[in-house]
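Chains, contacts and geometry: an overview
One-letter residues, chain by chain:
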Amino acid sequence: MLTVRQTRLAWLLVLPTLLVVVLVAGYPLAQVFYYSFFKADIAFVERPEFVGFENYLFLLRDPDFRVAFWNTLKFTFWSVSLETILGLAIALIVHSNFKGRGLVRTAILIPWAIPTVVSAKMWQWMLNDIYGVINVIGTKLGILSSKVAFLANPNLVLPAIIAVDVWKTTPFMALLLLAGLQLIPSDIYEAADIDGASKWQQFWTLTLPLLTPALVVALIFRTLDALRVFDVIFVMTGVNTATKSLAVYNRQTLIDFQDLGYGSAISVAILVIIMIFVVLYMRFVGGVGRHD
Amino acid sequence: MTKGPWLIVRRLLFYALVVFVVVYSVFPFYWAVISSFKPSDALFSSNPSFLPIPFTLSQYENVFSGAAFGRNLINSLIVAGFATLISLVLGVLSAYALGRLRFPPKNAVLYIVLAMTMFPQVSVLSGMFVLLRQLGLFNTYGGLIFSYLLFTLPFTIWVLTGYFRGLPRELEEAAYVDGATPMQTLLRVMLPLTGPGLVTTGLLAFIQAWNEYLFALTFTIGNEVKTVPVAIASFGGATPFEIPWGSIMAASVVVTVPLVIMVLVFQQRIVAGLTAGAVKG
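All residue numbers here refer to positions counted from 1 along the written sequence of the relevant chain. In the order they appear in the text, chains get letters beginning with A and ligands get numbers beginning with 1. Local features in this predicted model are restricted to residues of pLDDT 70 or higher, and side-chain atom pairs are both shown and tallied only at a pLDDT of 80 or more, whereas totals for entire chains, interfaces and linings draw on every residue. The basis for every side-chain value is the complete set of heavy atoms in the structure, and neither hydrogens nor water enter the calculation.

1. Here we look at the confidence of the model for chain B
Residue and element names in this part refer to chain B. What pLDDT reports is the predictor's confidence in each residue, on a scale of 0 through 100. Across chain B, the average pLDDT comes to 86, with 94% of residues at or above 70. By mean pLDDT, helix H14 (residues 267–279) is the weakest element of chain B at 68, and helix H11 (residues 214–218) is the strongest at 95. Prediction confidence for the complex, expressed as pTM and ipTM, is 0.90 and 0.90 respectively. The way it works is that DSSP assigns letters per residue, a run of H or I at least four long becomes a helix, a run of E at least two long becomes a strand, and they are numbered from the N terminus.

2. Re the side chain of lysine 168 of chain A
All names here are of chain A. Within the fold, lysine 168 resides in helix H7 (residues 157–182). Looking at lysine 168, its side chain comes within polar contact range of the main-chain oxygen of tryptophan 112, at 3.1 Å. In this description, contact between two residues means that some pair of their heavy atoms is separated by no more than 4.5 Å. When residues no more than four places from it in sequence are discounted, the contact partners of lysine 168 are Pro111, Trp112, Ile114, Pro115, Thr116 and Ser119. For this analysis, a polar contact is any N or O atom pair within 3.5 Å, provided that within protein one partner can donate a hydrogen and the other can accept it, and provided that sequence-adjacent residues contribute only side-chain to side-chain pairs.

3. Things to note about the pattern of salt bridges
Residue and element names in this part refer to chain A. Salt bridges, as used here, are contacts in which a Lys or Arg side-chain nitrogen is within 4 Å of a carboxyl oxygen on Asp or Glu. Within the structure shown, the criterion is met by five salt bridges over all chains. A salt bridge links arginine 222 to glutamate 83; the nearest nitrogen and oxygen atoms lie 2.7 Å apart. Of this pair, arginine 222 sits in helix H9 (residues 199–227) while glutamate 83 sits in helix H3 (residues 63–95), and the two are 139 residues apart along the sequence. For every residue, the accessible area (1.4 Å probe, protein chains only) is compared with the maximum for its type, and the residue is labelled buried under 20%, exposed over 50%, or partly exposed between those bounds. Here arginine 222 falls in the buried class, since its relative accessible area comes to 5%.

4. Considering the interface of chain A and chain B
Taken together, the contact pairs 91 residues of chain A with 96 residues of chain B. Taken over both partners, the interface formed by chain A and chain B buries close to 8400 Å², and the fraction arising from carbon and sulfur atoms is 77%. Summed over the shared surface of chain A and chain B, the number is zero salt bridges. At the boundary of chain A with chain B, the tally comes to twelve residue pairs in polar contact (both at pLDDT 80 or more). Ranked by residue count, the leading element in the side of chain A that touches chain B is helix H1 (residues 2–35) of chain A, at 22 residues. Residue classes follow a fixed rule: Ala, Val, Leu, Ile, Met, Phe, Trp, Tyr, Cys and Pro count as nonpolar, while Asp, Glu, Lys and Arg count as charged, and any other residue, Gly among them, counts as polar. Grouping the constituent residues of the side of chain A that touches chain B by class yields 66 nonpolar, 14 polar and eleven charged. Summed over both partners, the accessible surface that disappears when two parts come together, traced with a 1.4 Å probe, is what is meant by buried area.

5. Some details on helix H4 (residues 101–113) of chain A
Expected span, for any helix, means 1.5 Å times one less than how many residues it has. The end-to-end C-alpha separation of H4 of chain A is 19 Å, in line with the 18 Å expected for 13 residues at 1.5 Å each. All of the buried residues in H4 of chain A are Val104, Thr106, Ala107, Ile108, Leu109, Ile110, Pro111, Trp112 and Ala113 of chain A.

6. Description of the packing of aromatic side chains
Geometry of an aromatic ring pair is reported as the spacing of the ring centres plus the angle between the planes. Residue and element names in this part refer to chain B. Stacked, tilted and edge-to-face pairs are distinguished by plane angle, under 30 degrees for stacked and over 60 for edge-to-face with tilted covering the rest, among Phe, Tyr and Trp rings (Trp via its six-membered ring) whose centres lie within 6.5 Å. This model, assessed by the stated rule, comprises 36 aromatic pairs over all chains. Ring centres 4.9 Å apart and planes at 25° place the aromatic pair phenylalanine 37 and phenylalanine 55 in the stacked group. Highlighted residues: phenylalanine 37 in the loop between helix H1 (3–36) and helix H2 (40–43) and phenylalanine 55 in the loop between H2 and helix H3 (58–65), separated in sequence by 18 residues. Charge-over-ring contacts are defined here by two conditions on Lys NZ or Arg CZ: a distance within 6 Å of the ring centre and an angle within 35 degrees of the ring normal. Just above the ring of phenylalanine 138 sits the side chain of arginine 133; from NZ or CZ to the centre is 5.9 Å.

7. Description of a nonpolar patch on the surface
Patch construction takes residues with relative accessible area above 30% that form no salt bridge. Like charges are linked within 9 Å, and nonpolar side chains (Val, Leu, Ile, Met, Phe, Trp, Tyr) are linked within 5 Å. Note on areas: these come from Shrake-Rupley sampling with a 1.4 Å probe, and a residue is covered only by the protein chains present in the view. Together, Ile137, Leu141 and Ile143 of chain A together with Phe50 of chain B give the surface a local cluster of nonpolar side chains, amounting to about 400 Å² of exposed area. Within the element layout of this structure, leucine 141 of chain A appears in the loop between helix H6 (133–140) and H7. Classification of leucine 141 of chain A as exposed rests on a relative accessible area of 62%.

8. Some thoughts on the environment of valine 63 of chain B
All names here are of chain B. Examined against the element boundaries, valine 63 turns out to sit in helix H3. The class for valine 63 is buried, based on a relative accessible area of 6%. Each C-alpha atom of the pair valine 63 and methionine 249 lies 9.7 Å from the other, and the pair is 186 residues apart in sequence. Those residues within four positions of valine 63 in sequence are excluded, and the remaining contacts are Phe69, Phe235, Ser247, Ala250 and Ala251.

Spelled out as structure tokens, the structure:
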């Protein structure tokens, strides 16, 4: 029978992938769970000492974990909100008809094409307190009264990093929203025009509701991405308390402090936090994750 | 006729907005490029020029004069290239099964793949670290390629499944009628049709692997295996106070320009691929 043969073939085709998935995700993840109940040095894994829930209890009282947690939430909230608003504005602009639209669409893709590490370095240079072009332009235009050390000032450093992330990730948001806009049939706007609805009314009553599915998907993607932020923060400020995210703290614990047990517990906590967000989103939007 | 001037003002405001968006998007990269062409004294000026004047290639000479950066580039090419290749081969096989064949746990497999794309890399950092050490893959190309499959493979499968699903049913049926086995159908009929999809998916997977930082930083020591993102992030001067911004910008431009060109050339397809992977997801 064709179906039996098909099933056999399907299994055969999927098998190598499943094997790789078990090796690169399943097994390491199981190890992370396992070590989260032990006290062990990452350099001497051979002699772990079982400590039960001690790592998790410590995590609940750890002020560094709390700081990293709030930094991550602040980063995620501001980064995702700002890039959604900006991305929507840019998507609306490049969706409308004007001369040179193709060029503009190309131009807005550039930040997305730049590796995060490179964009972090570029902005670190631009934000330099003495020679940075932001300070030069800012003082010339009179926006800044004196040169500002954005990355050394504990009140400005997280906002500065958020601004860098917004710059880098807005194109992705804009692309997803543009795809959503293109799915909206244009004749409903003609009907609204005839009914005398203003552009502003059309945006709120037609565009936004019809764009919601694309918006939700984009929000999920970006939120999950922001919650695991590592590169931009680690490259720009390292393990600075004012900025370190959960992922940065996680790596610091594992590699700098060599603490395999506690580091693994933090990894599990990050996974749980992200899963909570996934479940909340899925509940909220209901089945967006389905592929069919 | 009061509408005429108002319309012009609105048009002008709109174009001002467009110009602002373009400047906002492009200026930082422009600044990196011109910084890489300036000699150090012009770089550290309180009144910097907005054009690469005076012009020099010495920053690029500095970057490539040490053996390390060239080595890092080759490392990145090898690691990202093989991770992409393996992902494409395994991805095509499973995406064909997931997109065209019927078998019981198909949705379960799709969910696993989707879950992996949402997975934070840092969550397996310690497990992967220990595993690579046990396998003797720490600080090797093999180790990096292996760990990169964590994100390149699920991405490839997810996007390619969409491509396969979109192909017309009749082609497959015609092949079956002609007596082709499913495997022959995949290789002779379906695979050629997914060519464009393979190029886009491969390109996106390659970009992800090329840009990866956390694993490369954690699973390598020394310059033998280190990839370019790690190299750029750790570029140091003679002293901690002397950051060689010119060299860093030159290295950044070298790493980024090929990507920017590829993205601009394949723009349409990449946008389609990204949105197919994301919006349909």
